[in-house]
Amino acid sequence: MNEPPSGEQELSAEDKAIVEAFMAKERWETAPPESSPSPGVSSAQQETSSGVLDDVRAIFFSEVEEDLVVMREALRRLERGNDIDSARLTALRRVAHKLQGSAGMMSYPALAAIASSIERIAEAIATRKIGPLLGVNALVQAVFALETTFNDLVDKGVENDRPHRELETYLRRLALGLQKPSFVRVESQRLAQLMQLTDHLALLRTPVEQAQMQMERALQELDAAQTRWQSLETELLTLVSRPRSFGFPYDIYPTSFRLAQLLQDAAQQNEVFHPRKLRFRIRLIKPDTEPSQEKPETDDDKLIRTLLEAYANLTTASSHVHTTFVHFSSTLNEYMAHVDTVRDEVHLLPPSPANSK
Amino acid sequence: MSSKLIMVIDDSPAIRKIVETCLRREGFTVASFADGIEAMQFLTSPQARVPDLVVLDIGLPKMDGYEVARCLKTKPQFNNTVIIMLSRREGLIDRLKGRLAGAKEYITKPFKTQEFIQIIESYLGVPMLI
């Protein structure tokens with residue numbers, strides 16, 4: 001809650017002239033005036049302590065009476081008008097704020113609390129937290145409680161807390177947004193719709209989890225293919241860098257048993273069975289017993305072919321990752337769109353007080 | 001030695017009376033006003049002198065306490081004038097706004113007059129009663 005607004009718009013032409021005169025003034029007295037000071041000024045010698053409390057109380061009572069006149073007038077205009085007059089509300093808030101401070105200083109807690117309620121109700125109306133009709137009715141009740149408490153105080157000399165307690169009960173019953181209500185009323189149709197949406201949201205969780213798992217598997221496959229690629233690359237580079245007379249005594253034969261094994265493992269693990277590879281596998285199984293009728297592959301051919309196959313495995317795994325990512329992304333987007341819908345629906349629920357008709 | 005002058009600006013007559021009374025009892029000279037315009041009108045009068053301290057309510061009509069403080073502090077003659085804000089609110093923002101407007105202290109209502117006097121005297125010293 002902020003301080004009640006006040007500002008330049010309230011300054012009359014005379015007020016503005018006073019401000020300008022003050023701003024234009026350059027010289028002030030440095031010594032205290034010889035003569036008697038202005039009416040607002042007095043010193044300790046002029047003041048006696050007798051009856052000060054009575055004086056202060058009398059001033060306070062007079063102040064409250066004046067404040068009540070202002071409040072009644074503001075209420076009368078608010079009740080009469082079709083629209084809420086913000087100037088009237090501001091006047092009410094300011095008077096209530098002032099009274100809250102002075103009643104607190106005078107140690108009248110019930111008056112201070114009622115004044116605080118008036119200020120909060122006026123602010124709730126001004127900020128449209130409560131409707132004008134409900135708000136003005138609440139203000140009427142609050143001002144009535146203030147008058148009753150004040151009259152009791154003047155008559156009996158003691159503050160009666162009952163009007164304040166009754167006002168608090170009334171305000172709680174209205175749940176005017178002055179405090180957050182414990183319960184709110186919502187349309188059953190909207191609630192049913194919201195529950196349906198949340199059920200659907202729960203159902204959407206399974207596809208998201210499945211898509212996530214598929215993507216994890218695809219990533220593992222890619223990882224395996226990359227490892228295989230690196231392993232083959234090392235092996236092949238070693239073979240290539242070795243002098244041919246030591247590692248490959250028979251150039252007409254396809255390859256070493258080690259290389260054959262490596263490629264075969266690669267083919268099996270990656271399940272790549274295209275015709276060319278199948279032929280290659282068969283040849284590898286029996287390299288020495290059935291010399292090829294075709295032109296024998298050189299080591300260079302074999303090296304290129306092996307690298308191409310490993311690369312094909314990588315491409316396949318990468319493509320699989322891409323596909324599963326697209327699927328996961330689409331499923332997740334659908335899920336998130338549904339989350340947004342649910343959130344919007346929740347925000348659209350009208351938080352009307354539980355006990356309002 | 002002249003008595004220290006304190007200006008009290010508050011729209012509540014009861015609070016003005018309470019503050020005036022306790023300050024005068026301590027020996028200060030007090031000038032009190034219902035709003036900032038009244039205070040400025042007094043300050044433009046020929047016999048006016050610069051107050052040593054201003055007790056300034058924030059929720060004032062016409063101009064709020066921050067605006068009044070800013071107006072006073074634009075004048076170099078008021079550089080040494082201590083401004084003490086009075087408010088019912090105890091918010092950090094209000095305190096900060098008060099500081100930015102030139103206030104030295106911020107007192108929340110309701111306050112105990114003894115504590116109030118202690119704060120005033122921490123700035124102006126204890127007056128010598130004649």
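Residues numbered from 1 in each chain as written. Chains lettered and ligands numbered in written order. Predicted model: local features only at pLDDT ≥ 70, side-chain atom pairs only at ≥ 80, totals over all residues.

### Quick word on the overall build of chain B
Part 1: Along its length, chain B carries 5 helices and 5 strands.
Part 2: Taken from the N to the C terminus, the helices and strands of chain B come in the order β-α-β-α-β-α-β-α-β-α.
Part 3: Here chain B holds 130 residues, and 52% of them are scored as buried.
Part 4: Considering only residue pairs separated by 6 or more positions, chain B has 63% of its internal contacts joining residues 24 or more positions apart. (Helix = DSSP H or I, 4+ residues; strand = E, 2+ residues; numbered from the N terminus. Buried ≥ 20, exposed ≤ 12 C-beta atoms within 10 Å, placed from the backbone. Contact = placed C-beta atoms within 7 Å.)

### Some words on unusual backbone geometry
Part 1: Omega for the bond connecting K109 of chain B with P110 of chain B falls within 30 degrees of zero, at -5°, which places this linkage in the cis form.
Part 2: Here P110 of chain B shows up in the loop between β5 (105–108) and α5 (113–124).
Part 3: Phi at R128 of chain A takes a positive value of approximately 60°, unusual for a residue other than glycine.
Part 4: In this structure, R128 of chain A sits in the loop between α4 (109–126) and α5 (132–156).

### Digging into the nonpolar core
The nonpolar side chains of a soluble globular protein tend to be buried, and buried together.
Part 1: By size, the foremost hydrophobic cluster in this structure holds 83 residues, and its most contacted members are I114, I118 and A142 of chain A together with I9, V55 and L56 of chain B.
Part 2: For this core, the element with the highest residue contribution is α4 of chain A, accounting for 11 residues.
Part 3: Each residue touching I114 of chain A, except ones within four places of it in the same chain, is listed here: A142, A145, L146, T149, H164 and L167 of chain A. (Core = buried A, V, L, I, M, F, W, Y, C linked by C-beta atoms within 7 Å.)

### Some points on the interface of chain B and chain A
Part 1: The partner chain A presents 41 residues to the 44 residues of chain B that form the contact.
Part 2: For the side of chain B that touches chain A, the secondary structure elements donating two or more residues are α1 (13–26), β2 (29–33) and α2 (36–44) of chain B.
Part 3: Ranked by the residues each element gives to the side of chain B that touches chain A, the list is headed by α1 of chain B, at 8 residues.
Part 4: Among the residues making up the side of chain B that touches chain A, the classes are represented as 20 nonpolar, 14 polar and 10 charged. (Nonpolar A, V, L, I, M, F, W, Y, C, P; charged D, E, K, R; others polar.)

### Re the environment of V54 of chain B
Residues and elements named next belong to chain B.
Part 1: Relative to the assigned elements, V54 resides in strand β3 (residues 53–57).
Part 2: A C-alpha to C-alpha distance of 5.6 Å links V54 and I6, two positions 48 residues apart in sequence.
Part 3: Every residue in contact with V54, bar those within four places of it in the chain, is listed here: M7, I9, L72, T81 and I83.

### Points about the pairing of β5 of chain B
Each regular strand carries side chains that alternate between the two faces of the sheet.
Residue and element names in this part refer to chain B.
Part 1: Bridge analysis of strand β4 (residues 82–87) against β5 gives 4 bridges, and the strand direction is parallel. Counterpart to L86 in the pairing with β5 is I107.
Part 2: Between the parallel pair β4 and β5, the chain is carried across by helix α4 (residues 92–101), and the sense of this crossover is right-handed. (Pairing = 2+ DSSP bridges. Right-handed = clockwise from strand over helix to strand, strands pointing away.)

### Here we look at the confidence of the model for chain B
Part 1: Residues of chain B with pLDDT of at least 70 account for 97%, and the chain-wide mean is 91.
Part 2: Mean pLDDT across the elements of chain B bottoms out in α4 of chain B (85) and peaks in strand β1 (residues 5–9) of chain B (97). (pLDDT = per-residue confidence, 0-100.)

### Considerations on the packing of helix α3 (residues 86–105) of chain A against α1 of chain B
Part 1: Between α3 of chain A and α1 of chain B, whose axes approach to 8 Å, the crossing angle comes to 40°. Comparing the axis directions of α3 of chain A and α1 of chain B gives the class oblique. Two packed elements cross with a definite hand, and for α3 of chain A against α1 of chain B that hand is left-handed. In contact with G101, S102 and M105 of chain A of α3 of chain A, α1 of chain B contributes A14, I15 and I18 of chain B.
Part 2: Classifying every residue of the contact of α3 of chain A with α1 of chain B by side-chain character gives 4 nonpolar, 2 polar and no charged. (Axes fitted to C-alpha atoms, helices over the stretch in contact; angles between N-to-C directions. Parallel < 35°, antiparallel > 145°, perpendicular 65-115°, else oblique. Left-handed = near helix turned anticlockwise from the far one by under 90°.)

### A word on the confidence of the model for chain A
Residue and element names in this part refer to chain A.
Part 1: Confidence in the prediction of chain A, expressed as mean pLDDT, is 75, and 67% of residues score 70 or more.
Part 2: Between the elements of chain A, mean pLDDT differs from a low of 45, seen in helix α10 (residues 275–285), to a high of 93, seen in helix α1 (residues 13–24).
Part 3: Predicted confidence is poor over residues 353–357, with pLDDT under 50, and the contacts of this stretch with residues over four places away or in other chains come to 13 contacts.

### Things to note about the pairing of β4 of chain B
Residues and elements named next belong to chain B.
Part 1: Burial analysis of β4 places 6 of its 6 residues in the buried class, which makes it a mostly covered element.
Part 2: Side chains V82, I84 and L86 project from β4 onto one buried face, and the interleaved I83, M85 and S87 project onto a second face that is buried too.
Part 3: Two strands pair when backbone bridges link them, and β3 and β4 are joined in this way by 5 bridges, in the parallel orientation. In the strand pairing of β4, L56 is matched with M85.

### Remarks on α1 of chain A
Residues and elements named next belong to chain A.
Part 1: For α1, spanning 12 residues, the distance from its first C-alpha to its last is 16 Å, which sits close to the expected 16 Å at 1.5 Å a residue.
Part 2: Listed as buried for α1 are I18, V19 and F22. Buried residues of α1, viewed axially, fall in a sector of 95°; they line one side. Of the exposed residues in α1, those oriented more than 90 degrees away from the buried face are A13, K16, E20 and A24. (Expected span 1.5 Å × (residues − 1). Arc of directions from axis to C-beta.)

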